[in-house]
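Residue strings, one per chain:
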Amino acid sequence: MLVLHLFDNNLMSLTPEQNIQAFIHLIKDQPSVFLAENRVDLEQQIDTFPEEVASLSDAISTWCKKYPDIRKALSKTRKSLFGVTSGGDRGQGESNPKPKQEDYQTLLKNQIRESFPETTKEKKPSDSSK
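Rules used throughout
- Residues numbered from 1 in each chain as written.
- Predicted model: local features only at pLDDT ≥ 70, side-chain atom pairs only at ≥ 80, totals over all residues.
- Heavy atoms only, no water.
- Phe/Tyr/Trp six-rings, centres within 6.5 Å; stacked < 30°, edge-to-face > 60°.
- Helix = DSSP H or I, 4+ residues; strand = E, 2+ residues; numbered from the N terminus.
- Buried < 20%, exposed > 50% of the residue type's maximum accessible area, 1.4 Å probe, protein only.
- pLDDT = per-residue confidence, 0-100.
- Contact = heavy atoms within 4.5 Å.
- Salt bridge = Lys/Arg side-chain N within 4 Å of Asp/Glu carboxyl O.
- Core = buried A, V, L, I, M, F, W, Y, C linked by side-chain atoms within 4.5 Å.

Peer 1: Which residues make up the packing of aromatic side chains, and what are the values?
Peer 2: One pass over the structure, following the stated rule, counts 5 aromatic pairs. Ring geometry for Phe-23 versus Trp-63: centroids 6.1 Å apart, planes at 70°, classification edge-to-face. Taken as a pair, Phe-23 in helix H2 (residues 16-29) and Trp-63 in helix H4 (residues 53-65) lie far apart in primary sequence, 40 residues in all. A ring pair is formed by Phe-34 and Phe-116, whose centres lie 5.2 Å apart and whose planes are at 55°; its orientation type is tilted. With Phe-34 in the loop between H2 and helix H3 (36-45) and Phe-116 in the loop between helix H6 (103-115) and helix H7 (117-120), this pair connects stretches of sequence that are 82 residues apart. Summarising the burial analysis for this pair, Phe-34 and Phe-116 share the class buried.

As structure tokens, this is what we get:
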């Protein structure tokens, strides 16, 4: 997949799964990087993202190109999670079972809903009488 490598040289040594995991980690641990309009755009775009892992990774990279701050934060997250660091105290997730290919998009959607509840709550009916 040469296309994947064109978006960011840091991706060369990462698998598509690692890129997706880093993006999910970014959403979970640094939701403040995503401005309100980024969140709305991502929420609108996520349903158009493909399920296939390499294509989903490409779609994430393409989406991040529109938002330099998010792209920089993702790059830092990838480095901290998967890059060579002195100390190596970031080994989380290695003992967890690897998600199936079709689960990555679901994981991403769930993390968006959990981290950005203000953009997803408008989809629920606001019928509270008290």
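Peer 1: A description of the confidence of the model for the chain should follow, citing residues and the corresponding values.
Peer 2: Here the chain averages 79 in pLDDT, while 71% of its residues score no lower than 70. Below pLDDT 50 for its whole length, residues 1-11 participates in 24 contacts with residues either more than four positions away or in separate chains. Scored below 50 in pLDDT, residues 123-130 makes 1 contact in the model with residues more than four places away or belonging to other chains.

Peer 1: If you had to explain the pattern of salt bridges to someone new, which residues and values would you point to?
Peer 2: Under the defined criterion, the tally for this structure stands at 2 salt bridges. Across the pair Asp-41 and Lys-66 runs a salt bridge whose closest N-O atoms are separated by 2.9 Å. Remark: Lys-66 occurs in the loop between H4 and helix H5 (68-82) and Asp-41 occurs in helix H3; sequence separation between them is 25 residues. The buried category is assigned to Asp-41, whose relative accessible area is 12%. One salt bridge in this structure joins Lys-109 and Asp-47, with 3.0 Å as the shortest N-O distance.

Peer 1: I'd love a proper account of the environment of Gln-101, names of residues and values included.
Peer 2: Tracing the backbone shows Gln-101 in the loop between H5 and H6. In the structure, Gln-101 is positioned 49 residues away from Glu-52 in sequence and 6.5 Å away in space, judged by C-alpha atoms. The residues contacting Gln-101, other than those within four sequence positions of it, are Glu-51, Glu-52 and Val-53.

Peer 1: Mind laying out the nonpolar core, listing which residues take part and the relevant values?
Peer 2: Note on soluble globular proteins: their nonpolar side chains tend to be buried together. In this structure, Phe-23, Phe-34 and Leu-108 are the most contacted members of the largest nonpolar core, which totals 26 residues. For this core, the secondary-structure elements that each account for two or more residues are H2, H4, H5 and H6. Residue contacts for Phe-23: discarding those within four places in its chain leaves Phe-34, Leu-42, Ile-60, Trp-63, Cys-64, Ile-70, Leu-74 and Leu-108.

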